[in-house]
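Observations on chain architecture
Here is what each chain is made of, one letter per residue.
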Amino acid sequence: MSEEIFSKILNDSATEVEKSDFYKLLEDDNALREVFYHYKNLNTISKFNSNRNIQLQKDSFRRFWNRVKPATIYRMSDLWVRYAAVFIMALSLGFLTRYMVPVNNEVKVLTQNITYTSEKGSVSTIHLEDGSAIWLSSASKIQLQRNSKGEMTAQLNGEAYFDMIPDTARKFEVDLGYFKVKDIGTKFNIRSYSFEPTVYATLVGGKIDLFKNGDKSILSMIPGDYMNYDKKTNRMAVSQQDPSISTAWKDGKFVFINKSLTDICLELENWYNVEIIISNKTLASTRYTSVIKRTTTVKMVLKMLALTDQIKYKIDERKEVRDIVYIY
Amino acid sequence: MNPAKLNKLIPFLREGEKIAFEEIYNDFFGVMYHLSVQYLHDPKVSEEIVQDTFMKLWEIRDTLNDEFNIRNFLYTITKNNCLNYLRNQKIALKHQQNIQYLEVQFNFEALERLGSYMEFEELREKIDMAIAALPDDLRETFLLSRFEELHYKEIADKQTISIKTVEARMSKALRILRNELKDYIAIICLISNLF
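Residues numbered from 1 in each chain as written. Chains lettered and ligands numbered in written order. Predicted model: local features only at pLDDT ≥ 70, side-chain atom pairs only at ≥ 80, totals over all residues. Heavy atoms only, no water.

Some points on the overall build of chain A
Looking only at helices and strands, one finds 10 helices and 18 strands in chain A. Classification of the 328 residues of chain A by burial places 47% in the buried group. Surface exposure of chain A reaches about 16600 Å², of which carbon and sulfur atoms provide 52%. (Helix = DSSP H or I, 4+ residues; strand = E, 2+ residues; numbered from the N terminus. Buried < 20%, exposed > 50% of the residue type's maximum accessible area, 1.4 Å probe, protein only. Areas by Shrake-Rupley, 256 points an atom, 1.4 Å probe, with all protein chains shown as cover.)

Remarks on the overall build of chain B
Scanning chain B for helices and strands turns up 10 helices and 0 strands. Beginning at the N terminus, the succession of helices and strands in chain B can be written as α-α-α-α-α-α-α-α-α-α. The burial tally for chain B puts 49% of its 195 residues in the buried class. Sequence-distant contacts in chain B: of pairs separated by 6 or more residues, those separated by 24 or more amount to 57%. Taken as a whole, chain B presents about 9800 Å² of accessible surface, with 51% of it coming from carbon and sulfur. (Contact = heavy atoms within 4.5 Å.)

Comments concerning the nonpolar core
Phe36 and Phe64 of chain A together with Ile24, Phe54 and Leu74 of chain B are the most contacted members of the largest nonpolar core, which totals 67 residues. Phenylalanine 54 of chain B has contacts with Phe64 of chain A together with Ile24, Tyr25, Phe28 and Leu74 of chain B, leaving out every residue within four places of it along the chain. Among the nonpolar cores identified, the runner-up in size contains 30 residues, and Phe162, Met164, Val174 and Val199 of chain A belong to it. (Core = buried A, V, L, I, M, F, W, Y, C linked by side-chain atoms within 4.5 Å.)

Considerations on the confidence of the model for chain B
Residue and element names in this part refer to chain B. Confidence in the prediction for chain B averages 83 pLDDT; 91% of positions are at 70 or higher. Put simply, helix H10 (residues 185-194) is where chain B has its lowest mean pLDDT, 48, and helix H3 (residues 43-59) is where it has its highest, 93. Note that residues 191-195 has pLDDT below 50 and, in this model, 18 contacts with residues that lie over four places away or in other chains. Interface confidence for the predicted complex, expressed as ipTM, amounts to 0.78; the pTM equals 0.48. (pLDDT = per-residue confidence, 0-100.)

Description of the interface of chain A and chain B
Interface size is commonly expressed as the accessible area that is lost once the parts come together. Contact with chain A, which involves 45 residues of that partner, is made by 50 residues of chain B. Scanning the region where chain A abuts chain B turns up 5 salt bridges. Summed over the shared surface of chain A and chain B, the result is 16 residue pairs in polar contact (both at pLDDT 80 or more). Contributions of two or more residues to the side of chain A that touches chain B are made by helix H1 (3-10), helix H2 (16-28), helix H3 (30-46), helix H4 (54-68), strand S1 (113-118) and strand S4 (140-146) of chain A. Counting residues per element, the side of chain A that touches chain B draws most heavily on H3 of chain A, at 13 residues. Here the residues of the side of chain A that touches chain B are counted per class, giving 16 nonpolar, 16 polar and 13 charged. (Salt bridge = Lys/Arg side-chain N within 4 Å of Asp/Glu carboxyl O. Polar contact = N/O pair within 3.5 Å; in protein donor to acceptor, adjacent residues only side chain to side chain. Nonpolar A, V, L, I, M, F, W, Y, C, P; charged D, E, K, R; others polar.)

Concerning the confidence of the model for chain A
All names here are of chain A. Averaged over every residue, the pLDDT of chain A is 75; residues scoring 70 or more account for 83%. Confidence, read as mean pLDDT per element, is least for helix H6 (residues 93-100) in chain A (30) and greatest for strand S8 (residues 187-192) (92). When the criterion is pLDDT under 50, residues 71-111 qualifies, and its contacts beyond four places in sequence or with other chains add up to 94 contacts.

What about the packing of aromatic side chains?
Enumeration over the complete set of coordinates arrives at 25 aromatic pairs over all chains. In textbook terms, an aromatic cluster arises when at least three aromatic residues are bridged by ring pairs, as seen for Phe61, Phe64 and Trp65 of chain A together with Phe21, Tyr25, Phe29, Tyr33, Phe54 and Trp58 of chain B. In this structure, lysine 182 of chain A packs its charged tip against the face of phenylalanine 211 of chain A, placed 4.2 Å from the ring centre. The ring of tyrosine 161 of chain A is capped by lysine 250 of chain A, whose NZ or CZ atom sits 4.7 Å from the centre of that ring. (Phe/Tyr/Trp six-rings, centres within 6.5 Å; stacked < 30°, edge-to-face > 60°. Lys NZ or Arg CZ within 6 Å of the ring centre and 35° of its normal.)

Some points on the pairing of S4 of chain A
Regular strands show a simple pattern: their side chains alternate between the two faces of the sheet. Residue and element names in this part refer to chain A. Within S4, 5 of the 7 residues are buried, which leaves it mostly tucked inside the rest of the structure. Pairing geometry for S1 and S4, over 6 bridges, is antiparallel. Pairing of asparagine 113 across the sheet is with glutamine 145, part of S4. When S4 meets strand S5 (residues 152-163), the two strands line up antiparallel, connected through 6 bridges. In the strand pairing of S5, glutamine 145 is matched with threonine 153. Hairpin remark: S4 followed by S5, antiparallel, with 5 residues in the connecting loop; positive phi at glycine 150, about 85°. (Pairing = 2+ DSSP bridges.)

As for the packing of helix H7 (residues 136-146) of chain B against helix H9 (residues 163-180) of chain B
All names here are of chain B. Viewed as axis vectors pointing N to C, H7 and H9 meet at an angle of 95°, and their least axial separation amounts to 9 Å. Classed by the angle they form, the pair H7 and H9 counts as roughly perpendicular. Across the interface between the two elements, Asp137, Leu138, Thr141, Phe142 and Ser145 from H7 touch Val166, Arg169, Met170, Lys172, Ala173, Leu174, Ile176 and Leu177 from H9. Grouping the amino acids of the contact of H7 with H9 by side-chain chemistry returns 8 nonpolar, 2 polar and 3 charged. (Axes fitted to C-alpha atoms, helices over the stretch in contact; angles between N-to-C directions. Parallel < 35°, antiparallel > 145°, perpendicular 65-115°, else oblique.)

A word on the sheet that holds strand S15 (residues 275-278) of chain A
Residues and elements named next belong to chain A. Taken in spatial order, the 3 strands of this open sheet run S15-S18-S17, and their pairing is mixed. On the outer flanks of this sheet lie S15 and strand S17 (313-316), each paired with one strand and no other. In this sheet, adjacent strand axes meet at a mean angle of 20° when their direction is disregarded. In this sheet, strand S18 (residues 324-327) lies alongside S15 in parallel orientation, the contact comprising 4 bridges. Paired with isoleucine 276 across the two strands is valine 325, which belongs to S18. Where helix H8 (residues 261-272) meets the sheet, it contacts S15 and S18, and its direction lies at approximately 165° from that of S15.

What to know about the side chain of histidine 34 of chain B
Tracing the sequence through the fold places histidine 34 of chain B in helix H2 (residues 18-40). A polar atom in the side chain of histidine 34 of chain B sits 3.0 Å from the backbone oxygen of threonine 44 of chain A. Beyond its immediate chain neighbours, meaning those up to four positions away, histidine 34 of chain B contacts Thr44, Lys47 and Phe48 of chain A.

Digging into a negative patch on the surface
All names here are of chain B. A cluster of acidic residues, Glu119, Glu122, Glu125 and Asp128, forms a negative patch at the surface. Summarising the element assignment, aspartate 128 is placed in helix H6 (residues 117-132). By relative accessible area, aspartate 128 is classed as partly exposed at 31%. (Patch = residues over 30% accessible without salt bridge, like charges linked within 9 Å, V, L, I, M, F, W, Y side chains within 5 Å. Lys, Arg positive; Asp, Glu negative; His and termini not counted. Charge placed at Lys NZ, Arg CZ, Asp CG, Glu CD.)

Observations concerning the environment of lysine 259 of chain A
Residues and elements named next belong to chain A. Structurally, the position occupied by lysine 259 is in strand S14 (residues 253-260). For the pair lysine 259 and arginine 287, spaced 28 residues apart in sequence, the C-alpha separation works out to 4.9 Å. Among all residues touching lysine 259, those that are not within four sequence positions of it are Ile264, Thr286, Arg287 and Tyr288.

Points about helix H4 (residues 70-93) of chain B
Because each turn of an α-helix spans 3.6 residues, side chains separated by three or four positions end up pointing in the same direction. The end-to-end C-alpha distance of H4 of chain B is 34 Å, a good match for the 34 Å that 24 residues give at a rise of 1.5 Å each. The N-cap of H4 of chain B, judged by a side-chain oxygen 3.3 Å from the amide nitrogen of arginine 71 of chain B a few residues on, is asparagine 69 of chain B. (Expected span 1.5 Å × (residues − 1).)

Put into structure tokens, the structure is as follows:
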């Protein structure tokens, strides 16, 4: 038997006649059959990673996820978010008590991990059983952990507003990877999206301390302090700013104070689930100041921007994937 | 993805987190799909089989402990799904006694003999390492022949070298691999026979 046929069979490129001859041969020859099995398997193993079909993989995952997607109260379909972004108070108290408090209604110390996600274009509120509340902004994820001593840690990717009831017995820490924020009873806002180069913290009331490693505080913040931390240079800077600007999102507003169009568009992308491409470089760095309601549609926001300047835009509406807005 | 990173995802799998499932899906889809296609010769069915494998993972997510071996699980379920599919096909084709029946039969038996995930990984790494260690020019020629299944003539054209050079490179590459993988005689047979 020729090596070429063997190779063709293993690569599934043999003709019907070749296949027929080959398999008949195998049927009568035990030894050859064993050799075939061996070669077949080795051929499989040695060719892994040879051709990856990324598109198929993506489509396959999408179909899989559609089959298993959990029905949750706080997830909105993309279509909704796109043009009629609606501000929702996603997690009601009733929904939460099921998770936060054991069914028998005794308030116990929770030791397990709990993760909450807020999708693009939605804000979720998490109520803890002591009355504290956490608002989770668009496309944000928070992981809450409580140990047996009642110490709570939160890991945040995105933006959240914390309204913590004073409790000296309870330790509460937000771990941002770059540093930790320790709190005793305060109201503060943290913004730490992985796509942004800067982490922001705003203190509305009370007191928070920032820690790197160990117990030594690197910064104590007082109300009105606005801290930004550059992930690249590892530098922290504190200034004073009206805290209502940083927390406007939780009341359903965008507040842009002297922000570049690039930064504004990042924010819009994150909320409306659209992709924005600015082709005009001077325009990209032009700075704007505005207050916009988040319930405004993205079309309306673009119209408003167009009114103030020479902005022209075009929306490319696409099925299944997010739309693209071109600004030129 | 290394096992340590995989295990870090387990708590998120338990929670039914999309991101965690997506990461694992992306990491394993290629391997699982390839495995199915090799024995089933049917891309559509293969994709479904992989999806069903992940459905199983989804169904048992609550019960996963931190030490759970995801790779082993996905590999075993995919393999079993393929075996079941082939078994059903065999039954359907049984009375026809045609070539298709024989093909299914032989693929089924080959797959049954495919080792555990550990053996399989080990072998895969050995082969990949040996190929990676080949000198650049030999490796390029070798990979064109092995993965893209080009004939010597096509390789010669593509690399703008003579057929003689292709032959020389192939035999040199095989000599090196034969030496490197001498504990795995069967692979040498495979490589030598196919090229």
